Amino acid sequence: MMRSLFNMTGRSPDQHHRASTPLELFFDLVFVVAVASAAAQLHHGFIANHALEASISFIMVFFAIWWAWMGFTWFASAFDVDDAPYRILVFVQMFGSLVIASGVPDVFEEHSLKRITIGYSIMRLGLVGLWLRTYYSQPVNSHLRTNALRNVIGILLCQIGWLSLLALPYTPIWVFFIMVALELSVPVWAQSAGRTPWHPEHIAERYSLLTLIVLGESVLSLSLALQATESFSDISLQRGLFMLAGLAILFCLWWLYFNEPVHDLLKENKNIAFAWGYGHYVIFFSAAAVGAALAATVDILDGKASLNDTLLGLILTIPLAFYLLGLWYCHEQHRMQTPQQKMAYPIAAILLLLSSVLPQTMLWCTVILIGLLIWRVRLNHKTVVSNSHIV
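Let me sum up the structure you'll find in this document. Values in this document were obtained by computation on a predicted structure and should not be read as measured data. (Residues numbered from 1 in each chain as written. Predicted model: local features only at pLDDT ≥ 70, side-chain atom pairs only at ≥ 80, totals over all residues. Heavy atoms only, no water.)

Moving on to the overall build of the protein. Within the protein, the secondary structure is distributed over 15 helices and zero strands. Taken against the 2.2 N^0.38 rule, which gives 21 Å for 391 residues, the C-alpha radius of gyration of the protein at 22 Å falls within 12% of a compact globule. Looking at the protein residue by residue over its 391 residues, the buried ones come to 52%. Sequence-distant contacts in the protein: of pairs separated by 6 or more residues, those separated by 24 or more amount to 82%. Distance between charge centroids for the protein: 11 Å, based on 21 positive and 23 negative side chains. (Helix = DSSP H or I, 4+ residues; strand = E, 2+ residues; numbered from the N terminus. Rg over C-alpha atoms; globule rule 2.2 N^0.38 Å. Buried < 20%, exposed > 50% of the residue type's maximum accessible area, 1.4 Å probe, protein only. Contact = heavy atoms within 4.5 Å. Lys, Arg positive; Asp, Glu negative; His and termini not counted. Charge placed at Lys NZ, Arg CZ, Asp CG, Glu CD.)

Structural data, given as structure tokens:
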């Protein structure tokens with residue numbers, strides 16, 4: 001029994017056809033609740049003309065959601081034994097995710113981090129249990145044992161820090177970001193003792209699935225525009241164009257992310273893992289923010305809210321621009337061959353921001369993203385043709 005409890009040997013990073021497990025997929029579904037709650041609160045902040053304040057709260061909340069997901073995902077890629085103790089500790093983390101989701105409105109409405117901090121700490125302590133199993137299952141002089149111990153120490157110290165902040169009347173924003181920096185530094189410190197055997201294809205799939213989940217939340221926002229009409233004959237030209245442009249934007253975001261296999265980058269150069277993994281925070285939160293912007297636009301179309309045209313444009317173009325910059329940082333800067341090619345995504349991001357002051361901003365965003373997508377697909381085709389000629 002004791003041997004089984006501490007049996008957490010690393011999985012092979014070269015395993016063929018390594019896919020997400022049913023437990024990991026269930027884990028992601030629980031996170032859908034937290035992501036949806038955060039996006040909904042951002043949406044309400046937009047239509048209440050508190051865009052800046054709501055955006056700051058959203059960034060803080062989304063960090064808790066994303067970082068808790070990150071910790072489990074990378075651990076599972078290296079040490080998923082899928083036995084009963086493992087599943088129970090994952091259940092603890094899933095419960096913590098639900099507590100986080102329940103505390104999201106408190107952050108936006110009362111600026112209280114109490115409930116979300118408790119949920120976050122529950123998740124992180126569940127992860128500590130997994131790292132402790134790993135520590136006791138490794139040989140005494142193993143680098144994985146040192147790595148596991150550093151994760152346990154680092155995570156526990158950070159949780160002491162977070163929980164200590166609950167004693168303050170409020171958490172200053174600069175203190176929050178110091179704690180974020182400390183959290184981000186724990187894996188760097190732990191991995192310096194030796195890399196865990198994470199699987200490139202598995203990690204790429206896990207990130208791809210979360211991207212799809214977040215984009216799915218944005219698709220839900222579009223469906224609200226259709227639900228507000230009793231029949232297809234009631235759909236106005238403006239609403240129809242909004243739905244078409246919105247779906248085209250989301251389709252472009254999906255295509256640009258999945259244009260080429262992601263795992264190839266991680267296979268070719270595992271040293272980019274930290275930058276790649278951390279950089280996805282921008283991709284995830286910006287995709288969710290796009291959904292909040294679309295939901296706000298639906299409210300305006302329905303006459304439930306009103307916003308300045310420029311502000312309405314900015315709440316859409318800013319997350320779209322960040323999404324492109326996130327893609328550029330994580331993927332495209334490693335794939336592009338020339339300086340001109342490397343500048344395509346940043347230039348498109350700038351054009352999106354400039355379109356905020358133009359009438360029909362959403363249509364301009366659609367044109368810009370479709371143009372970038374056409375360029376990217378053609379570039380990919382030319383690369384394939386060139387490589388085939390070389391062969």
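What follows deals with helix α6 (residues 143–165). The terminal C-alpha atoms of α6 lie 33 Å apart, and with 23 residues this matches the ideal 33 Å at 1.5 Å per residue to within 8%. The complete set of buried residues in α6 reads Leu144, Arg145, Asn147, Ala148, Asn151, Val152, Gly154, Ile155, Cys158, Gln159, Trp162 and Leu165. Structurally, α6 contributes buried residues whose contacts are with α3 (51–79), α5 (114–137) and α7 (173–191). The opening residue of α6 is Ser142, an N-cap whose side-chain oxygen sits 3.1 Å from the backbone nitrogen of Leu144. (Expected span 1.5 Å × (residues − 1). Polar contact = N/O pair within 3.5 Å; in protein donor to acceptor, adjacent residues only side chain to side chain.)

Turning our attention to unusual backbone geometry. We note that Asp82 has phi near 55°; this positive angle belongs to a residue other than glycine. One non-glycine residue, His111, lies in positive phi territory at about 55°. Within the element layout of this structure, His111 appears in the loop between α4 (84–110) and α5.

Bringing a nonpolar patch on the surface into the picture now. Taken together, the side chains of Leu52, Ile56, Ile173, Trp174, Phe177, Ile178 and Leu182 present a nonpolar region at the surface, about 720 Å² in accessible area. Counting only elements with at least two residues in the nonpolar patch, the list comes to α3 and α7. With five residues, the single largest contributor to the nonpolar patch is α7. Assignment of secondary structure puts Ile178 in helix α7. With a relative accessible area of 44%, Ile178 lands in the partly exposed category. (Patch = residues over 30% accessible without salt bridge, like charges linked within 9 Å, V, L, I, M, F, W, Y side chains within 5 Å. Areas by Shrake-Rupley, 256 points an atom, 1.4 Å probe, with all protein chains shown as cover. Salt bridge = Lys/Arg side-chain N within 4 Å of Asp/Glu carboxyl O.)

A word on the pattern of salt bridges. On inspection of all chains with the given rule, the structure shows nine salt bridges. Notably, a salt bridge pairs Arg115 with Asp106, separated by 3.0 Å at the nearest N-O pair. Accessibility expressed as a relative area gives 37% for Arg115, which makes it partly exposed. Overall, the relative accessible area of 11% leaves Asp106 in the buried class. Between Arg335 and Glu332 there is a salt bridge, with its nearest N and O atoms 3.3 Å apart. Of this pair, Arg335 and Glu332 both sit in helix α12 (residues 309–335), three residues apart, which is roughly one turn of the helix.

A few words now on the packing of aromatic side chains. This structure, assessed with the given rule, holds 31 aromatic pairs. Pairing Phe75 with Trp131 gives two aromatic rings, centres 4.9 Å apart and planes at 80°, and the pair type is edge-to-face. Of this pair, Phe75 sits in helix α3 while Trp131 sits in helix α5, and the two are 56 residues apart along the sequence. With respect to burial, Phe75 and Trp131 carry one shared label: buried. A centroid spacing of 6.1 Å and a plane angle of 50° characterise the contact between Phe285 and Phe322, whose relative ring orientation is tilted. Linking Phe285 in helix α11 (residues 273–301) with Phe322 in helix α12, this pair joins segments that are 37 residues apart in sequence. Residue Phe285 is classed as buried on the basis of its relative accessible area of 12%. Looking at Phe322, the relative accessible area reads 38%, which means it is partly exposed. In this structure, Arg145 is placed above the aromatic ring of Tyr135, and the distance from its NZ or CZ to the ring centre is 4.0 Å. (Phe/Tyr/Trp six-rings, centres within 6.5 Å; stacked < 30°, edge-to-face > 60°. Lys NZ or Arg CZ within 6 Å of the ring centre and 35° of its normal.)

This part takes up the state of the cysteines. Applying the stated criterion across every chain, the model contains zero disulfides. Cys365 supplies the cysteine sulfur nearest to Cys252, a cysteine that is in no disulfide, at a spacing of 11 Å. (Disulfide = S-S within 2.5 Å.)

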